[in-house]
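Examination of the molecular architecture
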Amino acid sequence: MRKRKFMFGTVAAVILVIILFTSFHFYNYLTIQSMTFTDEWGRGVLLGENTIRRNPLMEYIDGNLLVCTFNKDNSINYYLSEENGNVIKNDTVRFEHYNVQKKNNIFLLGTNLFIVENEDLYLSTFSKQSGFTNPKKIMTNIPNAKVDLVNGRYIIQSFNDEEIVIYELIDNEAVELITLDNNWDTKQVIYKSFNGEEYGFIVHNSGPWNREILALNIKNGKIVDSEPISNDKMTTRTDFGKVQIEELNGKIYYIFRIRVEAQGEMHYWASIGIVDLDSMKEEYKEDINGDNIPYCYYFGNEYFLHANDDKMYLVTYAGNGKNKYASSWDVFQAEIDSDGTISEPVFLTNSFKDSIEPTMINTEAGQYLSWLDLETGKYMLNINSTNKKFIELNEGLTASDYKQAFIKALVAPIIAIPYFIFTSFITILITLLIFIFLNIIFKKLRYENVRVKTLISIALYMIINYITFNSSFYTGQVIRYMPDILLNSTVQLIVPLVINSMSGILLFIFSKERKDYGFNEYAIFFIVINVYLNNLLFSTFALMGKLFLY
């Protein structure tokens, strides 16, 4: 018995077609991964990882960007990068006896890192050569301390049940500026200086279920005027976050996070208010959530105001309705007009992970954004910028982009196999029934021309496939992730014809290597190859969301 030769030509041709389809998916993944939502910002750059969910600290120092994150072992990671995002120095430092897991107890202002621990204030300074110094205690007995940079001055705000004290730090020495009797159930103290005037903002409980923001006009360390600018009702299921206050063009903007527990779930939104600086009268107030801003859904729990180019912006993260390829959070900014109108959001991240805990700063080199991408057991630190050098350097595809796209594209030939039956069940069933019917007719007619029988059968299959093609592959979940080129109405008509033609070429090669096969073998080969190629092209879109989310 003669040994049957291996079908090298058929196997090689099938592999070549699979590579062609897989290359299409590879290119599509690269396109998706390099997608951005604004030309003014670049692509995110990964700096490193950490283990505590906490907003990165970020400063611009002598032409370099300094970014810090935190770990559960009380260590701090820092990254010093050039304006274009290239890291020139990074290290991890561990400060003994300091709890970096607390919220709002560490402040990076210029080269100074302030740490509040047990009502004492410590200072560590940063240099490009040696990194951070060991913290040195510079103040004691300052409860509820917060450190800010106000008009170039280091300001320390502190309060207890008896008094509120504002200090200015000059040459690492605290100079007392303002001391007020604390006549309120104070939760937060904010010191600001607008147009040479001093202001204090007291966030306090004005009643059993009320929280108020009280504006104080201060001269020579004394209150000369006070005015409530916000009053909010609380419930047992309501929690208010820290208040942020900024001034722009004679208007005071404030924002704070509201968390509400409803039916066992936590819901977050932001309360934004605008107050006239001269009269201290509230002109606008609204709670902001996914209903107020288009393309946003499922808001996160971090909100802040950011002023740039004489405009005020809301910055936070939410589900990105402009990204059809993922259901993850993206960081966005939206301009707030002086009348409270909020513009369409501009999404600044596109990492296909949940992007959280944003921090943004203005520098002479442009705006910089840092954030954390949520991963299992860790957080990935990223930065983005409006700096032209940053955009030019990072707009191209990276080795990581190619690697990720290649790995995802390799899934396509595998997942096409189980989808073989599910997506083409009706077509295969109808085809089998027609083949059985044709076989009966051919036998009754005693027709034995294999070539003609095969051509008739394949022609009938192609007609059936063409009729059922859209209902099999252009379904809701698949369409969502398809590239635009496949959604073109003309392309939809051409695609099944192209795949049929490829299947026909493969059948021709197969028939040349298996001349002794009959009608059944040729017809089955064509149908199996055709159905597989259909699924090779389309089935990966059904799983694309999961491929990008995990």
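Below or above, wherever it landed, is the structure these notes cover. (Residues numbered from 1 in each chain as written. Predicted model: local features only at pLDDT ≥ 70, side-chain atom pairs only at ≥ 80, totals over all residues. Heavy atoms only, no water.)

Considering the overall build of the protein
For the record, the criterion: Only runs of H or I of at least four residues qualify as helices and only runs of E of at least two qualify as strands under DSSP, and these elements are numbered from the N terminus. Radius of gyration: over C-alpha atoms. The globule rule applied is 2.2 Å multiplied by the number of residues raised to the 0.38 power. For every residue, the accessible area (1.4 Å probe, protein chains only) is compared with the maximum for its type, and the residue is labelled buried under 20%, exposed over 50%, or partly exposed between those bounds. Note on contacts: a residue pair is in contact if any heavy atoms of the two residues lie within 4.5 Å. Here the accessible surface of atoms and residues is derived via Shrake-Rupley with a 1.4 Å probe, and residues count as covered only by protein chains that are part of the display. The positive count covers Lys and Arg only, the negative count covers Asp and Glu only, and His and the chain ends enter neither. Working definition for charges: the position is that of NZ of Lys, CZ of Arg, CG of Asp or CD of Glu.
A tally of helices and strands in the protein yields 10 helices and 31 strands. Computed over its C-alpha atoms, the radius of gyration of the protein comes to 32 Å, more than 25% above the 24 Å expected for a compact globule of 550 residues. Relative to its full complement of 550 residues, the protein shows a buried share of 51%. Long-range pairs, those at least 24 residues apart, make up 52% of the contacts in the protein between residues at least 6 apart in sequence. Within the structure as shown, the protein displays about 27000 Å² of accessible surface, and the carbon and sulfur contribution to it stands at 54%. One way to put it: in the protein the 49 positive side-chain charges average out to a point 18 Å from where the 62 negative ones average out.

Here we look at the nonpolar core
Stated precisely, the cut-off is as follows: We call a set of buried residues a nonpolar core when its members are Ala, Val, Leu, Ile, Met, Phe, Trp, Tyr or Cys and they connect through side-chain atoms within 4.5 Å of each other.
Counting residues in hydrophobic clusters, the biggest one holds 45 residues, and the most contacted among them are Leu-486, Leu-533, Phe-538 and Phe-541. Those elements giving two or more residues to this core turn out to be α1 (8–33), α3 (399–415), α4 (419–445), α5 (450–473), α6 (476–481), α8 (489–513) and α9 (519–542). If you look at the next biggest cluster of nonpolar residues, it comprises 26 residues, including Met-58, Leu-65, Ile-361 and Leu-369.

Focus: the packing of α1 against α3
Helices that pack against each other are described as a pair by the angle of their axes relative to one another and the distance between those axes. Cut-off, in case you're wondering: Under this scheme, a helix contributes an axis fitted over its contacting stretch, all axes are lines through C-alpha atoms, and angles between N-to-C directions fall in the 0 to 180 degree range. Each angle gets one of four labels, with under 35 degrees taken as roughly parallel, over 145 as roughly antiparallel, 65 to 115 as roughly perpendicular, and the rest as oblique. Crossing handedness is read from the near helix: turned anticlockwise from the far helix by less than a right angle, it gives a left-handed crossing, and turned clockwise, a right-handed one. Polarity classes work like this: nonpolar for Ala, Val, Leu, Ile, Met, Phe, Trp, Tyr, Cys and Pro, charged for Asp, Glu, Lys and Arg, and polar for all others, with Gly in that last group.
At a closest axis distance of 8 Å, the pairing of α1 and α3 adopts a crossing angle of 135 degrees. On the basis of the axis angle, α1 is oblique to α3. When you trace α1 past α3, the crossing you get is right-handed. Contacts between α1 and α3 involve Ile-18, Thr-22, His-25, Phe-26, Tyr-29, Leu-30 and Gln-33 on the former and, on the latter, Asp-401, Tyr-402, Gln-404, Ala-405, Phe-406, Lys-408, Ala-409, Leu-410, Ala-412 and Pro-413. Across the contact of α1 with α3, the residue classes break down as 11 nonpolar, four polar and two charged.

Structural notes on a negative patch on the surface
Note the threshold: Patch building starts from residues that exceed 30% relative accessible area and form no salt bridge, then joins like charges within 9 Å and nonpolar side chains (Val, Leu, Ile, Met, Phe, Trp, Tyr) within 5 Å. The salt bridge criterion pairs a side-chain nitrogen of Lys or Arg with a carboxyl oxygen of Asp or Glu, the two atoms within 4 Å.
A contiguous patch of negative charge on the surface is contributed by Asp-161, Glu-162, Glu-163, Glu-176 and Asp-181. By the secondary structure assignment, Asp-161 is in the loop between β12 (153–159) and β13 (163–170). Taking the relative accessible area as the measure of exposure, Asp-161 reaches 66% and is therefore exposed.

Section: the packing of aromatic side chains
Each aromatic ring pair is characterised by the separation of its centres together with the angle its planes make. Going by this rule: For this analysis, a ring pair means two rings from Phe, Tyr or Trp (six-membered ring only for Trp) whose centres lie within 6.5 Å, classed as stacked if their planes differ by under 30 degrees, edge-to-face if by over 60, and tilted for the remaining angles. The rule is short: NZ of Lys or CZ of Arg within 6 Å of the ring centre and within 35 degrees of the ring normal puts a charge over the ring.
Under the definition given, this model contains 19 aromatic pairs. Relative to Phe-525, the ring of Phe-510 lies with its centre 4.1 Å away and its plane at 5 degrees, an arrangement referred to as stacked. Of this pair, Phe-510 sits in helix α8 while Phe-525 sits in helix α9, placing them 15 residues apart in sequence. Here Phe-510 falls in the buried class, since its relative accessible area comes to 5%. Classification of Phe-525 by relative accessible area gives buried; the value is 15%. Taken together, the ring pairs connect Phe-37, Phe-299, Tyr-303, Phe-332 and Phe-347 into an aromatic cluster. Here the basic side chain of Arg-54 rests over the ring of Phe-70, its NZ or CZ set 4.6 Å away from the ring centre.

Points about the pairing of strand β27 (residues 329–336)
Working note: regular strand, side chains alternate between the two faces of the sheet. Going by this rule: Strand pairing follows a simple DSSP-based rule, namely that at least 2 bridges must link the two strands.
Of all eight residues in β27, seven are buried, a share of seventy percent or more. Inspection of the sheet shows strand β26 (residues 311–320) paired to β27 by eight bridges, in the antiparallel sense. The partner of Ala-318 across the bridge, within β27, is Asp-330. Sheet topology places β27 next to strand β28 (residues 346–347); two bridges connect them, and they run antiparallel. Paired with Phe-332 across the bridge in β28 is Phe-347.

Let's talk about the sheet that holds strand β3 (residues 64–70)
Pairing is antiparallel across the open sheet formed by four strands, whose spatial order is β2-β3-β4-β5. Each edge of the open sheet is held by one strand with a lone partner, namely β2 (57–61) and β5 (87–94). If you compare each strand with its neighbour and ignore which way they point, the axes differ by 15 degrees on average. When β2 meets β3, the two strands line up antiparallel, connected through five bridges. Across the sheet, Tyr-60 pairs through a bridge with Leu-65, a residue of β3.

Remarks on the sheet that holds β12
Pairing is antiparallel in the open sheet, where four strands are placed in the order β11-β12-β13-β14. The strands lining the two open edges of the sheet, one partner per strand, are β11 (146–150) and β14 (173–181). Strand-to-strand twist in this sheet, taken as the mean axis angle between neighbours without regard to direction, amounts to 25 degrees.

As for the environment of Tyr-284
Inclusion rule: Residues adjacent in sequence count toward polar contacts only when both atoms are side-chain atoms; beyond that, a polar contact is any pair of N or O atoms within 3.5 Å, and within protein one must be able to donate a hydrogen and the other to accept it.
Positionally, Tyr-284 belongs in strand β23 (residues 282–288). Assessed through its relative accessible area of 12%, Tyr-284 is described here as buried. For the pair Tyr-284 and Ile-274, spaced 10 residues apart in sequence, the C-alpha separation works out to 5.0 Å. Not counting chain neighbours up to four residues away, the residues in contact with Tyr-284 comprise Ile-272, Gly-273, Ile-274, Asp-339 and Gly-340. Only 2.7 Å separates the side chain of Tyr-284 from the side chain of Glu-286, close enough to count as a polar contact.

Looking at the pattern of salt bridges
Under the definition given, this model contains 16 salt bridges. Between Lys-187 and Asp-185 there is a salt bridge; the shortest N-O distance is 3.5 Å. Overall, Lys-187 belongs to the partly exposed group, its relative accessible area being 42%. A salt bridge links Lys-251 to Glu-283, with the nearest nitrogen and oxygen atoms 2.7 Å apart. Residue Lys-251 is found in strand β21 (residues 251–262), and its partner Glu-283 is found in strand β23; the two are separated by 32 residues along the sequence. Residue Glu-283 is classed as partly exposed on the basis of its relative accessible area, which comes to 43%. Linked through salt bridges whose partners overlap, the residues forming this network are Asp-239, Arg-257 and Arg-259.

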